[in-house]
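Listed below are the residues making up each chain.
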Amino acid sequence: MTVKGKLSPKLSKSIIEALQKCSQCGKCRSICPTFEYKNIESYNERGRLMLYKAWNNGEIEASPAFIDRVYTCLLCRVCEETCPPKVRYMEIAEAVRGKLAEEGVGPVPEQKQAIEAIKKTGNVFGQESKLNEGDLAEFFTTAPKDADYYFFVGCMAGRNYTNLAKNAILILRKAGLTVGLDPDEKCCAGVAKLQGVESDFSKIAAENVKHIEGLNPKKIFTVCPMCYAALKKEYPWTKHIPIQHITEVYAELLAKKMIKPTRELPAKVVFFDSCHLGRWSGVYDAPRIVLNSIPGLQIIELERTRNLQRCCGGPIRVPYVDFRNEIAGRTLQEVEASGAEYLVTPCGTCLFNLQSVASANFMEDLKIVDISEVLAFSLELIDKIPQYEFE
Amino acid sequence: MTLTLDTKKLEQIVGPENMLTDPVDLVVYSSDATHTKSKPNIVIFPTTTQQVSDIMKYASANRIPVVPRGAGSSLSGGPVAVKGGIIVDFTKMNKILNVDTDNFEVLVEPGVVYKTLEKKLKPLGLFFPPDPSSQDWCTIGGMIAENAGGMRAVKYGVTRDWVMGLEVVLANGDIAWFGSGTYKFASGYEMHRLIVGSEGTLALITKALLKVAPLPEARLAAIAYFKTLEEAGKCVYETIRRGLQPSGAEIMDRLTMDAVSKFTGITFPECGAVVVNELDGDTDSIKKRLKILEEIYKQHNAISYRIAKDEHEAEKIFESRHAAYSALSTYKPTTELEDVTVPISKVPEMFKRIEEISKKYGIMIATFGHMGDGNLHPNILYDENIPEEKEKAELVKDEIFKAALDLKGTITGEHGVGCSKIKFFGIEHSPCSVNAQKAIKKALDPYNILNPGKIFGEM
Ligand SMILES: Cc1cc2nc3c(=O)[nH]c(=O)nc-3n(C[C@H](O)[C@H](O)[C@H](O)COP(=O)(O)OP(=O)(O)OC[C@H]3O[C@@H](n4cnc5c(N)ncnc54)[C@H](O)[C@@H]3O)c2cc1C
Ligand code: SF4
Ligand code: SF4
């Protein structure tokens, strides 16, 4: 075994200490989605931590295989939920990615492109248009400062799955609330944070904070769980503005009887806990309160639910589509076997990825829908779900 | 040591998709749940017995070390390729081949994970009793090779007691079946029982015929607190003497309790020892035995005790014990978990000795374990970066092993010798006993290619 000459360690002392907390027990074998797919130890938390250590010590280089193991990690954090000594995996992985970015060997080109698009156009898709120039134009009726809520729409609902945004606005309006949008809204940059490009993230976050605080909103909500986690947990706010995920808003409106779902949806439903809403933000009950309020609807909880939910695979879809297909495919099979008719997500990214894989696998009987869609349907605001069907 | 390996030949056997040679993977497969480290030359994943046989033919012709591996959760360095060579990872041989509910038998491939088997058996009203704490991820092959035990061993015994037969591949590539599908067996050597616990040094297991048991109608958990470890020890001893047949009799000392409290928020009253019991069986018999159990708690001056009202509460009770190993890592950078085992009447004395050793060297030792079968887990807590502490910890380990042997115990009850307890293996067993064991090893593996460097060290 050749150990390269003692290089100075790349990671900080606190990260090295965090790395040493891993007892190498192997429990993460039983939970990591990328390991479920590959069955190779370097694709689970234990393996990845060993690699980070070896790379930090100069024992291995940032070879293509190393880069592959680093960036195929979904950063889904499910391994943190079952790890007996509670290794702070996310912190370690972000630090490793940060260092790789500094050294110019990460992130992978596809992720770099997304970050560049955000920097250039303010949205992850690189679209030049403003938010009020597309599908949502008619909803720009109230300025954020005058509205009950400022709605931070996000790239996915703002530009791609606009029904996600429309349904949310319709529901809030039905409750008698006003919703303000901002034509100059910019991407939350959560993607940059995940890829460890801290400098880009903090710059955009600071700009966004300044801009949003300047809008003077009373309260903020998001439909995208990643935006929610970034805004709520990572942004350097100087003012106190309450931030909620849309499901938390709905749960509140239900409790105050400001909305009352009446149209029946007599169906078995599986709720898909998105990583950023669940594990990142700890919101598990609000979406279930929403679903339980719908007459006729019955929630089925699968074995991997709530904090153990398997990621949709979306975070690595572009560079590693085979992983996404396998990982989402596994969940879809479990949902199908449960006899559920609907799979409900609280996240546009999960929705897109699950639907793509379901349609590629001809799972025509399973309807994959957004939670706002289901609620809007029961509130008789829309008449048909799913709104997005796949060919 | 340089090994020349014909990867092309191995590729022909298992296919390119079933082998790993990238340095990145070799680093990851260089370890288990200990800090023993040594890189293999290649990792391969056979999918059939024939492939395993072909691998062994190649390895034996070329004298290449072969190290079997399951989930790599061993606590003794068992699946580490200390002499390099081929790691044969069995996790792709993971089919449950047959569940024979008429005869209470299952036939499995070695890579089946315990939890997967449990899930398959539960709806049929059956279970596989040996229950290591690593059950969510460890493989049946690894359990057999380590003769793993668990919390229920006090009533149900260890893995060896549930293995009826094994298909194995021998060092020369021969495929042999040992044992029988019958409960009684007097036809020749019980070779399958010899393979159990042989740590991959005698043969590679490719199929296992296991006995399973009907799930008990009910399970009940209880927790009791005692002033001293000695009282707790005597109490557990009494439950066994009076024939209560507990299916769990776990103990934790104060140091462990404090760590668990810090780690999980579970609180314990002022006490020196805690005992967690499980009773299983039909409801009537549990009721009867519970009465006696409560009597025994009182007779042994339990400070207080609690009986779980339902499954959820039972889980809560066991949660503290399950958290023990991880919780202890909060004290010091290094936790070394031992698994000495003594005759059950000697448990209180063993506790006393551990305490004395800890005092003598000024090194923290937290102990928990399967008290009902005398299997204790003293955890030596220190900082390996401080040379003086490291040295002392080594001496502490020495003395703990010697104390166990002095009390007619053994250096390992369930984790195996691997490469971490070689030194003490020669102390536990007489030269004649070691020689006889080596003779068996030599007969089955003349070129010492099956997991070399384990149990005996150099042959
Ligand atoms: C947190 C934790 C808790 C644990 N709790 C317990 C416990 O309660 N009780 C207990 O007994 N142990 C326990 N262990 C130790 C370990 O989990 C068990 O020994 C387990 O059975 C090993 O299974 P594995 O699949 O991980 O095997 P590995 O660690 O991969 O291998 C173990 C040994 O088996 C050999 N081997 C593997 N497969 C084969 C095969 N097909 N043929 C021949 N040899 C083979 C290997 O060479 C090695 O020597 C624990 C470990 C951890 C990390
Ligand atoms: S579960 Fe946690 S401690 Fe165990 S191997 Fe995985 S990361 Fe390490
Ligand atoms: S974050 Fe997710 S993908 Fe990454 S190691 Fe943990 S469980 Fe696996």
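Residues numbered from 1 in each chain as written. Chains lettered and ligands numbered in written order. Predicted model: local features only at pLDDT ≥ 70, side-chain atom pairs only at ≥ 80, totals over all residues. Heavy atoms only, no water.

Visitor: Just checking my understanding: could you explain the overall build of chain A for this structure?
Guide: Counting secondary structure elements, chain A contains 17 helices and eight strands. Against the 2.2 N^0.38 benchmark of 21 Å for 391 residues, chain A shows a C-alpha radius of gyration of 21 Å, consistent with a compact globule. Judged by the C-alpha coordinates and their principal axes, chain A covers about 70 × 50 × 35 Å. Expressed as a percentage of its 391 residues, the buried residues of chain A come to 61%. When contacts within chain A are restricted to residue pairs at least 6 apart in sequence, long-range pairs at least 24 apart make up 75% of them. If you sum the accessible surface of chain A, you get close to 15500 Å²; carbon and sulfur atoms cover 50% of it. (Helix = DSSP H or I, 4+ residues; strand = E, 2+ residues; numbered from the N terminus. Rg over C-alpha atoms; globule rule 2.2 N^0.38 Å. Buried < 20%, exposed > 50% of the residue type's maximum accessible area, 1.4 Å probe, protein only. Contact = heavy atoms within 4.5 Å. Areas by Shrake-Rupley, 256 points an atom, 1.4 Å probe, with all protein chains shown as cover.)

Visitor: Sorry, what's going on with the overall build of chain B here?
Guide: The number of helices and strands found in chain B is 15 helices and 18 strands. Computed over its C-alpha atoms, the radius of gyration of chain B comes to 22 Å, within 12% of the 23 Å expected for a compact globule of 459 residues. By its C-alpha atoms, chain B is 65 × 60 × 40 Å across when sized along the principal axes. Looking at chain B as a whole, 58% of its 459 residues qualify as buried. Within chain B, contacts between residues separated by at least 24 positions form 70% of all contacts whose residues are at least 6 apart in sequence. Only carbon and sulfur atoms are counted for the fraction: they give 52% of the accessible area of chain B, which is about 18600 Å². Here chain B holds 54 positive side-chain charges and 60 negative ones, and the gap between their average locations is 2 Å. (Lys, Arg positive; Asp, Glu negative; His and termini not counted. Charge placed at Lys NZ, Arg CZ, Asp CG, Glu CD.)

Visitor: Sorry if this is basic, but what is going on with the pattern of salt bridges here?
Guide: Any two side chains of opposite charge can pair, on the condition that their charged atoms come close. With the rule as written, the count across this model stands at 55 salt bridges over all chains. Salt-bridge contacts for E278 of chain B lead to R152 of chain B; the nearest nitrogen and oxygen are separated by 2.9 Å. Of this pair, E278 of chain B sits in strand β14 (residues 273–281) while R152 of chain B sits in the loop between α5 (140–146) and α6 (153–156); the two residues are 126 residues apart in sequence, bridging distant segments of the chain. Comparing E278 of chain B with R152 of chain B, the two get one shared label, buried. The partner of K441 of chain B in a salt bridge is D445 of chain B, with the nearest N and O atoms 2.7 Å apart. Of the residues examined, K441 of chain B reaches a relative accessible area of 3% and is grouped as buried. Look at D445 of chain B and you get buried, because its relative accessible area is 2%. A network of salt bridges, in which partner residues are shared, links R29, E41 and R46 of chain A together with R69 of chain B. (Salt bridge = Lys/Arg side-chain N within 4 Å of Asp/Glu carboxyl O.)

Visitor: Explain the interface of chain B and chain A here, please?
Guide: Counting from both sides, the interface comprises 31 residues of chain B and, opposite them, 29 residues of chain A. Counting each side, the surface lost to burial between chain B and chain A is near 2400 Å², with a carbon and sulfur contribution of 54%. If you sort the residues of chain B by the area they bury against chain A, V24, V28 and W137 of chain B come out on top, with a joint share of 25%. Joining chain B to chain A, the criterion identifies four salt bridges. K119 of chain B is the salt-bridge partner of E303 of chain A, the closest N and O atoms lying 3.0 Å from each other. Applying the counting rule to chain B against chain A returns 14 residue pairs in polar contact (both at pLDDT 80 or more). Of all the elements, helix α2 (residues 23–28) of chain B adds the most residues to the side of chain B that touches chain A, at four residues. Residues that form the side of chain B that touches chain A fall into these classes: 11 nonpolar, 10 polar and 10 charged. (Buried area = accessible area lost by both parts, 1.4 Å probe. Polar contact = N/O pair within 3.5 Å; in protein donor to acceptor, adjacent residues only side chain to side chain. Nonpolar A, V, L, I, M, F, W, Y, C, P; charged D, E, K, R; others polar.)

Visitor: Just to check I follow, could you spell out the site of ligand 3 for this structure?
Guide: Around ligand 3 there are 13 residues in total, and C32, C73, C76, R77 and C79 of chain A lie nearest to it. Here the shell around ligand 3 is composed, by residue class, of nine nonpolar, one polar and three charged. (Near = heavy atom within 4 Å.)

Visitor: Looking at this model, I keep getting lost on the site of ligand 2. Mind explaining?
Guide: Around ligand 2, 13 residues are found, and the nearest of them are C22, C25, C28, E45 and C83 of chain A. Each residue belonging to the shell around ligand 2 can be placed in one class, and the counts come to seven nonpolar, three polar and three charged.

Visitor: Sorry, what's going on with the domain arrangement of chain A here?
Guide: Accessible area lost on assembly of the parts is the figure often given for the size of an interface. Residues and elements named next belong to chain A. Taken as a whole, chain A is organised into domain 1 (13–102), domain 2 (109–252) and domain 3 (260–378). With centres defined by C-alpha atoms, the gap from domain 1 to domain 2 works out at 31 Å. The interface is formed by seven residues belonging to domain 1 together with five residues belonging to domain 2. Interface area, domain 1 with domain 2, both sides summed: about 480 Å², of which 50% is carbon and sulfur. Across the domain 1-domain 2 interface, the total number found is one salt bridge. The interface formed by domain 1 and domain 2 holds two residue pairs in polar contact (both at pLDDT 80 or more) in total. With five residues, helix α6 (residues 89–102) is the single largest residue contributor to the side of domain 1 that touches domain 2. Per-class residue counts for the side of domain 1 that touches domain 2 are four nonpolar, one polar and two charged. (Domains from an automatic or database assignment.)

Visitor: Even after reading the chapter, I still don't get the domain arrangement of chain B, so can you show me in this structure?
Guide: Residues and elements named next belong to chain B. When cut into domains, chain B gives domain 1 (1–215 + 429–459), domain 2 (216–324) and domain 3 (332–419). Relative placement of domain 1 and domain 3: their C-alpha centres are 27 Å apart. Domain 1 puts 17 residues into the contact, and the matching count from domain 3 is 10 residues. Carbon and sulfur atoms supply 56% of the area buried between domain 1 and domain 3, which totals about 1000 Å² over both sides. Per-residue buried area on domain 1 facing domain 3 is highest for L75, S76 and V154; these three make up 38% of the total on that side. Here the residues of the side of domain 1 that touches domain 3 are counted per class, giving seven nonpolar, seven polar and three charged.

Visitor: Can you help me understand the nonpolar core in this one?
Guide: Buried together is how nonpolar side chains tend to be arranged in soluble globular proteins. Residue and element names in this part refer to chain A. The biggest cluster of nonpolar side chains holds 67 residues, and the ones touching the most others in it are L172 and F221. For this core, the element with the most residues is helix α9 (residues 162–174), which contributes six residues. Mapped onto the domain boundaries, this core takes at least three residues apiece from domain 2 (109–252) and domain 3 (260–378). Leaving out residues up to four positions away in the same chain, L172 has contacts with Y149, L177, V179, F221, I246, V249, Y250 and L253. (Core = buried A, V, L, I, M, F, W, Y, C linked by side-chain atoms within 4.5 Å.)

Visitor: Got a minute to help me understand the confidence of the model for chain A in this structure?
Guide: In regions of low pLDDT, the predicted coordinates are not meant to be interpreted in detail. Residue-level pLDDT values for chain A average 95, and 98% of them are 70 or greater. Note that residues 1–6 of chain A has pLDDT below 50 and, in this model, three contacts with residues that lie over four places away or in other chains. (pLDDT = per-residue confidence, 0-100.)

Visitor: Whenever I open this one, the packing of helix α9 (residues 254–264) of chain B against helix α11 (residues 311–328) of chain B confuses me. Can you help?
Guide: Two measures define how a pair of helices packs: the angle their axes make with one another and the distance between the axes. Residue and element names in this part refer to chain B. Between α9 and α11, whose axes approach to 8 Å, the crossing angle comes to 90 degrees. Of the possible angle classes, the one that applies to α9 and α11 is roughly perpendicular. Seen from α9, the contacting residues are L255, T256, A259, V260, F263 and T264; seen from α11, they are S320, A323, A324, S326, A327 and L328. Looking at the contact of α9 with α11, its residues break down into eight nonpolar, four polar and no charged. (Axes fitted to C-alpha atoms, helices over the stretch in contact; angles between N-to-C directions. Parallel < 35°, antiparallel > 145°, perpendicular 65-115°, else oblique.)

Visitor: Explanation requested: the sheet that holds strand β5 (residues 96–100) of chain B in the structure shown.
Guide: Sheets are built from strands that pair by backbone hydrogen bonding, the pairs being arranged parallel or antiparallel. Residue and element names in this part refer to chain B. The five strands lie next to each other as β5-β6-β10-β8-β9, forming an open sheet whose pairing is antiparallel. Of all strands in the sheet, those bounded by a partner on one side alone are β5 and β9 (175–179). Taking each pair of neighbouring strands and ignoring which way they run, the sheet shows an average axis angle of 15 degrees. Bridging between strand β8 (residues 163–169) and strand β10 (residues 204–211) involves six bridges; their strand directions are antiparallel. (Pairing = 2+ DSSP bridges.)

Visitor: Which parts of the structure should I look at to understand the sheet that holds strand β8 (residues 367–370) of chain A?
Guide: All names here are of chain A. The strand order β6-β5-β7-β8 describes an open sheet built from four strands, whose pairing is parallel. A single partner strand is all that each edge strand has here, and the edge strands are β6 (298–300) and β8. Within this sheet the neighbouring strands show an average axis-to-axis angle of 35 degrees, counted without direction. For strand β5 (residues 268–271) and strand β7 (residues 342–345), the ladder comprises three bridges, and the chain directions are parallel. Bridge pairing in β7 links V270 to L343.

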